[in-house]
Amino acid sequence: AEDPAEAAHAAALLAEAGLEGAAEVVAGPPSRLAARLDALGDAQGDARPDAAEFDLAVMPWGWDLLPEAERAALIGLLARRLARGGGFMLTRSVAPGALSVGALRQLTLNRWDAAADIADPAARMARTLEEAERVTLLSHRFMRGAVDWAQSRDEMRRLPPRVFARIWGAPRPAPQDSRSFAAALAPAGLVAWTPADPLRLARSFDMTEAQQAEIDRCADPFEAAEVADLMLMRQTRSDLFLKA
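Residues numbered from 1 in each chain as written. Predicted model: local features only at pLDDT ≥ 70, side-chain atom pairs only at ≥ 80, totals over all residues. Heavy atoms only, no water.

### Some thoughts on the overall build of the protein
The test is simple: Numbering of helices and strands runs from the N terminus, with a helix taken as a DSSP run of H or I at least four residues long and a strand as a DSSP run of E at least two residues long. Whether a residue is buried, partly exposed or exposed follows from its accessible area with a 1.4 Å probe, protein chains only, as a fraction of its type maximum: under 20%, in between, or over 50%, in that order. Whether two residues are in contact is decided by their heavy atoms: any pair within 4.5 Å suffices.
Along its length, the protein carries 10 helices and four strands. Listing every helix and strand of the protein by position from the N terminus yields α-α-β-α-β-α-α-α-α-α-β-α-α-β. Buried positions account for 39% of the 244 residues belonging to the protein. Summarising the internal contacts of the protein: among those between residues at least 6 apart in sequence, 71% fall at separations of at least 24.

### Quick notes on the nonpolar core
Where we set the bar: What makes a nonpolar core is a set of buried Ala, Val, Leu, Ile, Met, Phe, Trp, Tyr and Cys residues whose side-chain atoms join them at distances within 4.5 Å.
Residues M59, W63, F88, L90, L185, L190 and F241 are the most contacted members of the largest nonpolar core, which totals 17 residues. Of all the secondary structure elements, the ones that give two or more residues to this core are β1 (54-59), α3 (68-81), β2 (82-93) and α8 (178-185). The element contributing the most residues to this core is α3, with four residues. Residue contacts for L190: discarding those within four places in its chain leaves L78, L82, F88, L185, F241, L242 and K243. Judged by nonpolar contacts, the second largest core, of 13 residues, contains L138, C218, A224 and A228.

### Notes on the pairing of strand β4 (residues 236-243)
Defined as follows: Strands are treated as partners if at least two bridges between them are detected by DSSP.
Here β4 shows a clear split, with R237, D239, F241 and K243 buried on one side and none of T236, S238, L240 and L242 buried on the other. As defined by bridge partners, strand β3 (residues 190-192) adjoins β4 across three bridges and the pair is classed as antiparallel. Residue pairing for β4: A192 is matched across the bridge by F241.

### Thoughts on the packing of aromatic side chains
The description of an aromatic ring pair rests on the distance of the ring centres and on the angle between the ring planes. How we decide: Each pair of aromatic rings taken from Phe, Tyr and Trp, with Trp reduced to its six-membered ring, is defined by centres within 6.5 Å and is described as stacked if the planes are under 30 degrees apart, edge-to-face if over 60, and tilted in the remaining cases.
All chains considered together, the criterion is met by two aromatic pairs. Ring geometry for W112 against F164: centres 5.7 Å apart, planes inclined by 55°, an arrangement best described as tilted. Placement of W112 in helix α4 (residues 100-114) and of F164 in helix α7 (residues 161-168) is noted, with a sequence separation of 52 residues between them. Like W112, the residue F164 is buried in the burial classification.

### Side note on the pattern of salt bridges
For clarity, the threshold we go by: By definition, a salt bridge exists where a carboxyl oxygen of Asp or Glu is found within 4 Å of a side-chain nitrogen of Lys or Arg.
Taken as a whole and judged by the stated rule, the model has six salt bridges. Note that R153 and D154 form a salt bridge whose closest N and O atoms lie 3.6 Å from each other. Given a relative accessible area of 18%, R153 falls into the buried group. Taken together, the shared-partner salt bridges in this structure form one network comprising E133, R153, D154 and R157.

### Some points on the pairing of β2
Quick note on the threshold: A crossover counts as right-handed when, viewed with the strands pointing away from the observer, the path leading from the first strand over the helix to the second turns clockwise.
For β1 and β2, the ladder comprises five bridges, and the chain directions are parallel. By the bridge assignment for β2, L56 is matched with G87. Between β1 and its parallel partner β2, the chain crosses via α3, and the hand of that crossover is right-handed. Sheet topology places β2 next to β4; seven bridges connect them, and they run antiparallel. Of the residues in β4, the one forming a bridge with R92 is R237.

### Considerations on the sheet that holds β4
Two strands in a sheet stick together by hydrogen bonds in their backbones, pointing the same way (parallel) or opposite ways (antiparallel). The condition is simple: Working convention: axes come from line fits to C-alpha atoms, limited for helices to the stretch in contact. Angles between N-to-C directions cover 0 to 180 degrees.
A sheet is described by the order of its strands in space; here four strands give the open sequence β1-β2-β4-β3, paired in mixed fashion. This sheet does not close on itself; its edge strands, each paired only once, are β1 and β3. For this sheet, the mean inter-axis angle between neighbouring strands, taken without regard to orientation, is 20°.

### Quick word on the side chain of T128
Take T128: it is sitting in helix α5 (residues 121-138). Leaving out residues up to four positions away in the same chain, T128 has contacts with T108, R111, W112, A115 and F164.

### Some thoughts on helix α9 (residues 209-216)
Selection rule: Think of it as the arc spanned by the lines of direction from the helix axis to the C-beta atoms.
Among the residues of α9, Q211, E214 and I215 are the ones counted as buried. Down the axis of α9, the sector holding all buried residues measures 100°, keeping them to one side.

### Re α8
Spacing of three or four residues puts side chains on the same side of an α-helix, whose turn is 3.6 residues. Within α8 the residues assigned to the buried category are S178, F181, A182 and L185. Buried residues of α8 fall within an arc of 100° about the axis and therefore sit on the same side. Residues of α8 that are buried make contact with α3, β2, β3, α10 (221-232) and β4.

### Brief notes about the confidence of the model for the protein
For the record, the criterion: What pLDDT expresses is the predictor's confidence in each residue, scored from 0 to 100.
Of all residues in the protein, 75% attain a pLDDT of 70 or more, and the chain-wide mean is 77. Helix α1 (residues 4-16) holds the highest mean pLDDT among the elements of the protein, 91, whereas helix α2 (residues 30-44) holds the lowest, 64. Low pLDDT, under 50, characterises residues 96-101; the stretch is placed with nine contacts to residues that sit more than four places away or in other chains.

This is the structure:
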């Protein structure tokens, strides 16, 4: 816990439960926790069976607020201390985030890329807009009926295809989507627990049959996750990564 008051409160709860000797509260940033566990492991010897090791690490929030160095420290810690078959569950911000304009741009770019097999710019533009509109109309909260979506859609339709490609299809800095996020955790031996059936990605949510069908159209589970995020206007998601 970075907040000293929270750390003190957690320590008091441990004392009340009689767990002072079985658990430890580390006050400070995550890098201090990583250093503390590394020191514990060094004292025991990494080769010993009882070296500091854990089966599950949970980070309910804050990953997006960490400096890169502390993220790297945590990934390194997970690589060394997480048991084989163990899990790392965390909640993180997802692309495109909460702003509808960001979501619209990301969705349009996704659909533009998916239509890369269409050589004619006008036909590719038409396919992109058709696909984007179908997804948005399926949404509970995304942009269905929103003034900004209707206005943006009409403005896009009036653009010459080559201008549309330059504005809406130009590559942008890649968001940390499900695939790139999984790649960042790969050095720790962690793999994304992505269901083979894309429908399972949305099973816990209030999804219509049409929305589930749209998700099921995505053969790639990572793409299915992004479509589910977009349709639900989900700002954060919780993922479980397993150590092989």
